2 protein chains.
Amino acid sequence: MSIQPEQRSEEAASKARLRLWLRFLKTSRIIESELREKLRQEFASTLPRFDVMAALSRYEEGLKMSQLSGVLRVSNGNVTGIVDRLAQDGAVVRVPVPGDRRASMVRLTKRGQEEFAAQAAAHEAWIDEMLAGFSPDECADIAARLDGLVASLGERES
Amino acid sequence: MSIQPEQRSEEAASKARLRLWLRFLKTSRIIESELREKLRQEFASTLPRFDVMAALSRYEEGLKMSQLSGVLRVSNGNVTGIVDRLAQDGAVVRVPVPGDRRASMVRLTKRGQEEFAAQAAAHEAWIDEMLAGFSPDECADIAARLDGLVASLGERES
DNA sequence: CTAATATTATTTAGGCTTGAAATATATTCC
DNA sequence: GGAATATATTTCAAGCCTAAATAATATTAG
């Protein structure tokens, strides 16, 4: 019934990784819910809307729906709804793609750009305050390790 | 129009923290979506259901709805729906609390315990595989820093 | 050219999530 | 005791999210 030392350490490693993941998730939820609440209170907006606008803000010419869902790692149908609402509010427009009548480019309007600029500045300040306990070096260190993790997770897709 | 060195470094610190948060979020989404997919494919279940069962599994005597939503950091109304569905599937029961007819304890059934045990073992293995690039020491190190962050975020609520 | 296949986006059904309002029960203060 | 207040939970409307089905258009193979 006894186990070998190697099995024991494998088991400890597994538990340590699980513990890390649970802390990770907890941290992420706390920060996300704080951001959600501030976006709601100060801008009457939501995190998904902010995420879509942030993605679009990096592409002057806009993004196709499929590119948008790819960048954000959410489903196609999801993006449709969020973009619909942003378009209703005049923050984005769908521009036809010449030569492909299936697709359209989604682009921030001038108004959308302005709204996003204000939200992005506030967002950065909120994060800065919440992560104040981390020095820039510490941030860079952890970020680099997460990059490594993301890369290794990406490779596993085969 | 020029800025002082201190302002410049403040700005750099803010950007470093923002970068960390973005990596953090990306990592979290990748892992979560992988877990979601595996839970669906291998157990025909979902992450929210798993989370509720995980919380309940730590309390033999069960938890009140409000405790459950507190532990999981989600809204009250949310938990109602998830518990409703788990109860329909026979994984949990609502037990009246003697002396307080408003409240009830939610508790895993025997069947719920068995289901959860199988899912938890698989879950730990998935995490172990995804975080294989992190050594136990590295995990403990990062987990400790996240604990510090969570603590500092908790204090800010005043 | 035409048929088969692939791509792009939307729709649909079902579940998750929130904040606010509603309901029921407890507690506290006179 | 009875009124005001607080607590526990559910309900509701709106939006988020997914996977699967559908529709429209493009591309490729024969």
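Attention here is on the structure that accompanies the text. (Residues numbered from 1 in each chain as written. Chains lettered and ligands numbered in written order. Predicted model: local features only at pLDDT ≥ 70, side-chain atom pairs only at ≥ 80, totals over all residues. Heavy atoms only, no water.)

**What to know about the relation of the copies chain B and chain A**
- Overlay of chain B on chain A (RMSD 0.0 Å): rotation 180 degrees, translation along the axis 0.0 Å. Given the turn and translation reported, the copies of this chain are related as if by a two-fold rotation axis.
- A shared interface surface links the copies, since 100% of the contact residues of chain B are contact residues in chain A too. (Least-squares fit on C-alpha atoms with pLDDT ≥ 70 in both. Contact = heavy atoms within 4.5 Å.)

**Describing the interface of chain B and chain A**
- Each partner contributes residues to the interface: chain B has 46 residues there, and chain A has 46 residues.
- In this assembly, chain B packs against chain A so that about 5,200 Å² is buried in total across both faces, 65% of it on carbon and sulfur atoms.
- Taken as a group, Arg17(B), Trp21(B) and Arg145(B) account for 14% of the area that chain B buries against chain A, more than any other trio of residues on that side.
- Remark: the boundary between chain B and chain A carries 12 salt bridges.
- Its salt-bridge partner being Glu138(A), residue Arg145(B) comes within 3.1 Å of it at the nearest N-O pair. (Buried area = accessible area lost by both parts, 1.4 Å probe. Salt bridge = Lys/Arg side-chain N within 4 Å of Asp/Glu carboxyl O.)

**Remarks on the layout of surface pockets**
- Here the largest pocket is characterised by a volume of approximately 1,000 Å³.
- Around the largest pocket, the lining is made up of 31 residues, and of these Arg29(A), Glu32(A), Arg36(A), Glu32(B) and Arg36(B) lie nearest the centre.
- Listing elements by their share of the lining of the largest pocket, those giving two or more residues are α1 (5–43), α2 (47–57) and α4 (76–88) of chain A together with α1 (5–43), α2 (47–57) and α4 (76–88) of chain B.
- The biggest single contributor to the lining of the largest pocket is α1(B), with 6 residues.
- Split into classes, the residues belonging to the lining of the largest pocket amount to 13 nonpolar, 8 polar and 10 charged. (1 Å grid on protein atoms, 1.4 Å probe; cavity = no way out; pocket = protein on both sides within 12 Å on 5 of 7 lines; lining within 4 Å. Points joined across faces, edges and corners; volume = space filled by probe spheres on them. Helix = DSSP H or I, 4+ residues; strand = E, 2+ residues; numbered from the N terminus. Nonpolar A, V, L, I, M, F, W, Y, C, P; charged D, E, K, R; others polar.)

**Observations concerning empty space enclosed by the protein**
- Scanning the model with the defined rule gives 2 cavities of 30 Å³ or more in all.
- Estimated volume of the largest cavity: approximately 60 Å³.
- As for the largest cavity, its lining consists of Thr27(A), Ile31(A), Leu131(A), Phe134(A), Ile142(A), Leu20(B), Trp21(B), Phe24(B), Leu146(B) and Leu149(B).
- Contributions of two or more residues to the lining of the largest cavity are made by α1 of chain A together with α1 and α6 (136–156) of chain B.
- Ranked by the residues each element gives to the lining of the largest cavity, the list is headed by α1(B), at 3 residues.
- Taken together, Leu20(A), Trp21(A), Phe24(A), Leu149(A), Ile31(B), Leu131(B) and Phe134(B) form the lining of the second largest cavity.
- In terms of residues, the lining of the second largest cavity owes the most to one element, α1(A), which gives 3 residues.
- Residues that form the lining of the second largest cavity fall into these classes: 7 nonpolar, no polar and no charged.

**So, the nonpolar core**
- Formed by 86 residues in total, the largest nonpolar core has its most connected members in Ile31(A), Leu68(A), Ile31(B) and Leu68(B).
- What Leu68(A) contacts, discounting residues up to four positions off in sequence, is Val52(A), Ala55(A), Leu56(A), Leu63(A), Val79(A) and Val83(A). (Core = buried A, V, L, I, M, F, W, Y, C linked by side-chain atoms within 4.5 Å. Buried < 20%, exposed > 50% of the residue type's maximum accessible area, 1.4 Å probe, protein only.)

**Brief notes about the packing of α2(A) against helix α3 (residues 65–72) of chain A**
All names here are of chain A.
- Between α2 and α3, the shortest axis-to-axis distance is 10 Å and the interhelical angle comes to 110 degrees. The orientation of α2 relative to α3 falls into the category roughly perpendicular. Note on packing geometry: the crossing formed by α2 with α3 is right-handed. Contacts from Asp51, Val52, Ala55 and Leu56 in α2 reach Leu68, Val71 and Leu72 in α3.
- Taken together, the residues of the contact of α2 with α3 sort by class into 6 nonpolar, no polar and 1 charged. (Axes fitted to C-alpha atoms, helices over the stretch in contact; angles between N-to-C directions. Parallel < 35°, antiparallel > 145°, perpendicular 65-115°, else oblique. Left-handed = near helix turned anticlockwise from the far one by under 90°.)

**Quick word on the pairing of strand β3 (residues 100–108) of chain A**
All names here are of chain A.
- Where strand β1 (residues 63–64) and β3 come together, 2 bridges link them in antiparallel fashion. Note that in β3 the partner of Lys64 across the bridge is Met105.
- Where strand β2 (residues 92–97) lies against β3, 6 bridges are found, and the strand directions are antiparallel. The residue of β3 that forms the bridge with Arg94 is Val106. (Pairing = 2+ DSSP bridges.)

**Remarks on the sheet that holds β1(A)**
Residue and element names in this part refer to chain A.
- Here 3 strands make up an open sheet; going across it, the order is β1-β3-β2 and the pairing antiparallel. Edge positions in the sheet fall to β1 and β2, since each has one partner strand and no second.
- Sitting on the sheet, α2 touches β1, β2 and β3, and the angle it makes with β3 is about 100 degrees.

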